[in-house]
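Spelled out, the chains give:
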Amino acid sequence: MWKAIEQSFRGLARQVDFCSLRLVEERSESLEVRLSVPQPLARRLDRGAMVTVVHGGGYGYAATANLSEAGLREAFDTACRWAQISAARSVFDFRTLSLPHPTGRYLGPAADGEADWNRKALYDLLMQESEACRIDERIVDWGVSLGRLDIEQRYLTSEGGDVEQRFRAIIPSLSATAFADGDSQTRSLGGQYNGYCRQGGMEILAQAGLAGAGRRVADEALQLLLAPNCPTGVMDALLMPSQMMLQIHESIGHPLELDRILGDERNYAGTSFVTPDMFGHYQYGSSLLNVSYDPSRSNEFAAYGWDDDGAVAQKAYIIRNGILERPLGGSLSQARAAEAGFALAGVANSRACSWNRAPIDRMANLNVEPGDQSLAQLIGGIERGVLMDTNVSWSIDDSRNKFQFGCEWGQLIENGELKGVVKNPGYRGISATFWRSLKAVGDAGTDDVMGTPFCGKGEPNQVVRVGHASPACVFGNIEVFGGEA
Amino acid sequence: MMQHADLREHFHRLADSVHAALHAGEGFTLWLAAETSDFVRFNHGKVRQAGQVRQCYITLRLLRGQRHLSETVSLGCGADDAATVLRTLAQLRTLLDDVAEDPHLLLADAVHTTLHAAPSKLPDAGQMTADIVDAAAGCDLVGILASGPVCHGFANHHGQRNWHDTSSWNFDWSVYSHGDKAVKRGGAGFEWQPASLATAIAEARSQLALLGRPARSLAPGGYRAYFTPAALGEIVGMLNWGGFSEKQLRTKRSALLRLAEGEASLDARIALHEDTLHGLAPGFQPEGFIKPERVDLITDGRLSGSLISPRTAKEYGLKANSGSEAPESLVMAGGELPMAEALSALGTGLYVSNLWYLNYSDRAAARMTGMTRFACFWVENGEIVAPLNVMRFDDSLYRMLGSELEALTRETEFLADAGSYGARSSSSQRLPGALLRDFRLVL
């Protein structure tokens, strides 16, 4: 099939300034048990292609699942038509854009080979953890799931570009809800939105700690039910990796996406407090803050070899010693910024969720680099504060500044010691100052690889996979609060 | 290439081929979701990214007794589709023994065939693009135009056939003054009227002068506030997160927990219902049931119903009235306040045109946080004085639509969802505006 598609494409692509074909095939399957009842098995096979044409200053695309010669020809004609319509009215003259013609192959961990996917054995495992949640009659809801994702991508360009990439991901998840006296508390393994999403094979189940999680998570849900609300006040916050992932995502990742800075998202996802003139000198965070775009961390959810405009993916520092160095912008955004007078080096993060959406700037693997303090040292350095674990709520303004986040689990810290559990821990702040309050960064021993399959952005809308690895971190003078009394 | 209009016959042929290939004791359901959408994205009043997406997904469910499983497959709408569907059927058959019997399986067995197919009245999307660029000339317009046919279909082994096919446009946009100061608008329909578009853009531009005034930042605290229907839509939209789901109510995960337990109530003027009859979504759902025309959800400020999927209905011995247990056509009854008098009734306080990025700060207590956005103003004695710098609120549903609700507008507005995650949304709301005595800002 690939050969026939490639042949069809080569026949079409000679007629325009630039043409690409991005083929995506995504297979997924999800096993789930809820309240100890197996849920319907759902599978998905999604295969299609996007033809992109750049010609005469315009840009157009057409996406189709009809991969016959006639189907691809029709898509090509449609993409040409949109390039023609947009040429006279475009926000950018695409004649000045030079897109690469890469060749190569990228294989993610465990992507090549049969998966150890014995459904009956896996359902037995899920049922075992599900039954383990049933420790108390106040546990009123519980669920365990396991998702598998296999992706094949092929990128062809009119000047001989040919890139093949394959990925596999395993996504375990578990949560339990406790209810009593009008209050409901949910605790989970890595978050209720699949925080333990990684590339690789079944070794991820052990990495995530799925076996044995049922009893622990249910017990913690009960502890939360019985706990007091998180106190209100200004104090230190020790954020664990399963909350750091959200903090990084919302108040570093999104504000630094270059297409947002250029105004593309102002009708929907918003703009940014960051402006193009800040790069190279703006103090984004304390000197302890080092943030990287890191596609080389292969087990992280958004590791890849090339982005969806064919740029090769290489690790780069976005923030180094607190100073903002470069935006998260792909080839097109870099060209647009240069046209506006800002020569900014970006990263290879022009990405689409699948074949049926066009690429735009999307954060990929975005990580805080580890520091040098153990978890015990981080806790020991706090006179009064709260440890917060596992994101449950997130909200931020359209310039990515005023935020409010909440976690499932809190623990008081007093005079360098962990104390009692508190529920509904939350905090609010302003991105532009929050990262400057970073006062301690955990070492590699506190680091964890998290992510989310559900980063939403773009018009039309699209959800992409992102990865966020981070150590535990301490922030000072944070406005902390709890739930309704 | 198959035209969209021929898709229904193609779908029926696929269903017939599945039926013919069944083994003894087997059954099937087949769900189709397809669209051919032109998407044109605008920035600075010009085209940022434009193209077309032609997609067609079928979800084939194979069942044998209480065992069943499904697969969703993309189709090219060509000669290969029959082979693809039959290959999928054969594959599902090999996996049936891997799944347990499902005690909560409930599928329609009475046949209710329906057809709703409206011919397209849309012009070429290139012309629509030109109309927008012309009307936006000289202004910083940002937005997204989506247009084209969207269809859904259902078939099963009982011979039921359902089809819903409409061609619509949705243009969601804003015009910017400077920074984050903008007027947000949107519209949708089955016919395109360039003159109406030009009028709407001109009207929005006329408000930019107000946004150009020096902006005001407010101290955290309580304020009188008027929510436009769009702003109220964000509050009510949070209830789509399992709020009315019978399953979430039963498992104590619904944000309406206290309402359900009788520990709290909303203002007695609050009445919400799911209005499938007047909404944009199809009237049938993936198990083959026909959704009722109306489901009352909140009456006189109290929970009076819920959305019940067939699985939940089977589990708890109820009657199904929904597909996914999330509202698709939510309607709130209007009140007594004429919308034209909203500012004078507000007196001094906030005019909240839009809210943004809401989430629960305490779900069990229905407490929400979010931001003001777009053309929100500080009002004194019924007159707009200054645009507001964005503010964060953190407040409870039981206060906003309960103890602190002063009035609802008489008029309601129809809001078609512009969302397109995976596919173009068919959801909608019809809502009034709301006047609040006290609205809590925190940052």
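Just so you know, these numbers come straight off a predicted model, no measurement behind them. Along each chain, residue indices are assigned from 1 in the same order as the chain's sequence is written. Lettering of chains starts at A and numbering of ligands starts at 1, both following the order in which they are written. Reporting of local features is limited, given that this is a predicted model, to residues whose pLDDT is at least 70; pairs of side-chain atoms are given and counted only at 80 or more, and all residues count toward the totals for whole chains, interfaces and linings. Values reported for side chains reflect all heavy atoms of the structure, with hydrogen atoms and water molecules removed beforehand.

## So, the overall build of chain A
When its secondary structure is counted, chain A shows 10 helices and 24 strands. As a reference, a globule follows 2.2 Å times the number of residues to the power 0.38, and the radius of gyration itself is taken over C-alpha atoms. Against the 2.2 N^0.38 benchmark of 23 Å for 485 residues, chain A shows a C-alpha radius of gyration of 24 Å, consistent with a compact globule. With the principal axes as the frame, chain A shows a C-alpha extent of 70 × 55 × 35 Å. Residue exposure (1.4 Å probe, protein chains only): buried if accessible area is under 20% of the type maximum, exposed if over 50%, otherwise partly exposed. Considering chain A as a whole, with its 485 residues, one finds that 68% of them fall into the buried category. Taking the contacts inside chain A whose residues are at least 6 apart along the sequence as the reference set, 76% of them involve residues at least 24 apart. Just so you have it, chain A exposes about 15700 Å², and 47% of that area is on carbon and sulfur atoms. If the 46 positive side-chain charges of chain A are averaged to one point and the 60 negative ones to another, these points end up 4 Å apart. Here a strand is any run of E in DSSP of at least two residues, a helix any run of H or I of at least four, and the numbering for each starts at the N terminus. Should any heavy atoms of two residues lie within 4.5 Å, those residues are counted as being in contact. For every accessible area listed, the method is Shrake-Rupley and the probe measures 1.4 Å; residues are considered covered only by the protein chains on display. By the counting rule applied here, Lys and Arg register as positive and Asp and Glu as negative, while His and the ends of each chain are not counted. By convention, the charge on Lys lies at NZ, on Arg at CZ, on Asp at CG and on Glu at CD.

## What about helix α2 (residues 81–95) of chain B?
One less than the number of residues in a helix, times 1.5 Å, gives the span that helix is expected to have. The first and last C-alpha atoms of α2 of chain B sit 21 Å apart over 15 residues, in line with the 21 Å expected at 1.5 Å per residue. Where α2 of chain B is concerned, the buried positions are D81, T84, V85, T88, L89, L92, R93 and L95 of chain B. Buried residues belonging to α2 of chain B abut β3 (41–55) and α3 (119–132) of chain A together with α1 (7–20), β1 (26–43), β2 (46–64) and β3 (67–74) of chain B.

## Some details on the domain arrangement of chain A
Residue and element names in this part refer to chain A. Delimitation of the domains relies on an automatic or database domain assignment. Domains assigned within chain A are domain 1 (2–226) and domain 2 (233–481). Summarising the inter-unit geometry, the C-alpha centres of domain 1 and domain 2 are found 21 Å apart. If you look at the interface, domain 1 gives 54 residues, while domain 2 gives 46 residues. Defined here as a combined quantity, buried area equals the accessible surface (1.4 Å probe) lost by two parts on assembly, summed across both. Interface area, domain 1 with domain 2, both sides summed: about 4000 Å², of which 56% is carbon and sulfur.

## Observations regarding the pattern of salt bridges
Salt bridges are defined as contacts in which a side-chain nitrogen from Lys or Arg sits within 4 Å of a carboxyl oxygen from Asp or Glu. Considering all chains together, one arrives at 70 salt bridges over all chains under this definition. Across the pair R48 of chain B and D264 of chain A runs a salt bridge, and its minimum N-O distance is 2.6 Å. Note that R48 of chain B is positioned in strand β2 and D264 of chain A in the loop between α7 (258–261) and β11 (291–293), a pairing that runs across two chains. For D264 of chain A, a relative accessible area of 1% translates into the label buried. For the salt bridge of K315 of chain A with D294 of chain A, the shortest nitrogen-to-oxygen distance reads 3.8 Å. Highlighted residues: K315 of chain A in the loop between β11 and β12 (316–320) and D294 of chain A in the loop between β11 and β12, separated in sequence by 21 residues. Taken together, the shared-partner salt bridges connect K3, E6, R10, R154 and D162 of chain A into one network.

## Some details on the side chain of H68 of chain B
Tracing the backbone shows H68 of chain B in strand β3. Exposure remark for H68 of chain B: the relative accessible area of 4% places this residue in the buried category. At a separation of 2.7 Å, a polar atom in the side chain of H68 of chain B contacts the side chain of D102 of chain B. Setting aside its immediate chain neighbours within four residues, H68 of chain B contacts P40 of chain A together with R61, L62, L63, L96, V99, D102, L105 and R311 of chain B. Any pair of N or O atoms that falls within 3.5 Å is considered a polar contact. Within protein, one atom must be able to donate a hydrogen and the other to accept it, and sequence-neighbouring residues count only if both atoms are side-chain atoms.

## Some remarks on the nonpolar core
The definition of a nonpolar core used throughout is a set of buried Ala, Val, Leu, Ile, Met, Phe, Trp, Tyr and Cys residues joined through side-chain atoms within 4.5 Å. Counting residues in hydrophobic clusters, the biggest one holds 156 residues, and the most contacted among them are L256 and Y284 of chain A. For this core, the element with the highest residue contribution is strand β7 (residues 162–180) of chain A, accounting for 9 residues. Judged by nonpolar contacts, the second largest core, of 47 residues, contains A231, M238, I270 and M400 of chain B.

## Some details on the pairing of β12 of chain A
Residue and element names in this part refer to chain A. One requirement defines pairing of two strands: DSSP has to find at least two bridges between them. As judged from the 3 bridges shared by β11 and β12, these two strands associate in the antiparallel manner. Across the sheet, the residue bridging to S292 is Y317, located in β12. Connecting β12 to the next strand, strand β13 (residues 323–324), in antiparallel fashion are 2 residues, including N321 with a positive phi near 50°.

## With respect to the interface of chain A and chain B
Taken together, the 92 residues of chain A in the interface contact 94 residues of chain B. Roughly 7800 Å² of surface becomes buried between chain A and chain B when both sides are summed, with 49% attributable to carbon and sulfur atoms. Our enumeration of links across chain A and chain B arrives at 10 salt bridges. Residues D141 of chain A and R253 of chain B are paired through a salt bridge, measuring 3.4 Å at the closest nitrogen-oxygen approach. Where chain A packs against chain B, one counts 58 residue pairs in polar contact (both at pLDDT 80 or more). Of the residues forming the side of chain A that touches chain B, the biggest block, 8 residues, is contributed by helix α2 (residues 69–87) of chain A. Residue composition of the side of chain A that touches chain B, by class: 36 nonpolar, 30 polar and 26 charged. Bridge analysis of β3 of chain A against β3 of chain B gives 5 bridges, and the strand direction is parallel. Each residue is assigned to one class: nonpolar for Ala, Val, Leu, Ile, Met, Phe, Trp, Tyr, Cys and Pro, charged for Asp, Glu, Lys and Arg, and polar for all the others, Gly among them.

## Overview of the side chain of S184 of chain A
Secondary-structure assignment places S184 of chain A in strand β8 (residues 183–188). For S184 of chain A, a relative accessible area of 12% corresponds to the buried category. A polar atom in the side chain of S184 of chain A sits 2.6 Å from the backbone oxygen of K252 of chain B. Sequence-distant contacts of S184 of chain A, that is, excluding residues within four places in its chain, are made with T177, A178, F179 and L225 of chain A together with K252, L257 and A364 of chain B.

## Things to note about the packing of helix α3 (residues 125–135) of chain B against helix α4 (residues 194–206) of chain B
All names here are of chain B. Put simply, α3 and α4 touch, their axes get as near as 9 Å, and they point 30° apart. The orientation of α3 with respect to α4, classified from their angle, is roughly parallel. Read as a crossing pair, α3 and α4 show a hand that is right-handed. On the side of α3, the interface is formed by D131, I132 and A135, while α4 contributes P194, L197, A198, I201 and R205. Inter-axis angles, ranging from 0 to 180 degrees, are taken between N-to-C directions of lines fitted to C-alpha atoms, where helices are fitted over the stretch in contact. Comment on the angle field: the value is read as roughly parallel under 35 degrees, roughly antiparallel over 145, roughly perpendicular from 65 to 115, and oblique elsewhere. Note on convention: the crossing is left-handed when the near helix lies turned anticlockwise from the far helix by less than a right angle, right-handed when the turn is clockwise.

## Let's talk about α4 of chain B
Residues and elements named next belong to chain B. Here α4 contains 13 residues, and its C-alpha end-to-end distance of 18 Å stays within 8% of the 18 Å for a straight helix at 1.5 Å per residue. Here α4 has its buried residues at L197, I201 and A204. One side of α4 carries all its buried residues, which in axial view fall inside an arc of 60°. Away from its buried face by more than 90 degrees, α4 exposes A195, T199 and S206. Among the structural elements, α3, β5 (140–156), β6 (161–178), β7 (181–189) and α5 (208–211) are those in contact with the buried residues of α4. Think of the arc as the fan of directions from the helix axis to the C-beta atoms.

## Quick word on the sheet that holds β13 of chain A
All names here are of chain A. One open sheet accounts for 4 strands, arranged β13-β12-β11-β16; its pairing is antiparallel. Taken across any chain shown, the strands that pair with only one partner, and hence form the sheet edges, are β13 and β16 (366–368). Relative to β16, helix α6 (residues 241–253) is tilted by about 115°, and along the sheet it contacts β11, β12 and β16.

## Observations regarding the environment of W394 of chain A
Here W394 of chain A shows up in strand β17 (residues 384–396). Distance from W394 of chain A to A70 of chain A, taken between C-alpha atoms, is 46 Å for residues 324 residues apart in sequence.

## A few points about the environment of P214 of chain B
Residue and element names in this part refer to chain B. Looking at the element boundaries, P214 is found in the loop between α5 and β8 (221–227). For the pair P214 and Y357, spaced 143 residues apart in sequence, the C-alpha separation works out to 25 Å. If near-sequence neighbours (up to four positions away) are discounted, P214 is found in contact with A386 and P387.

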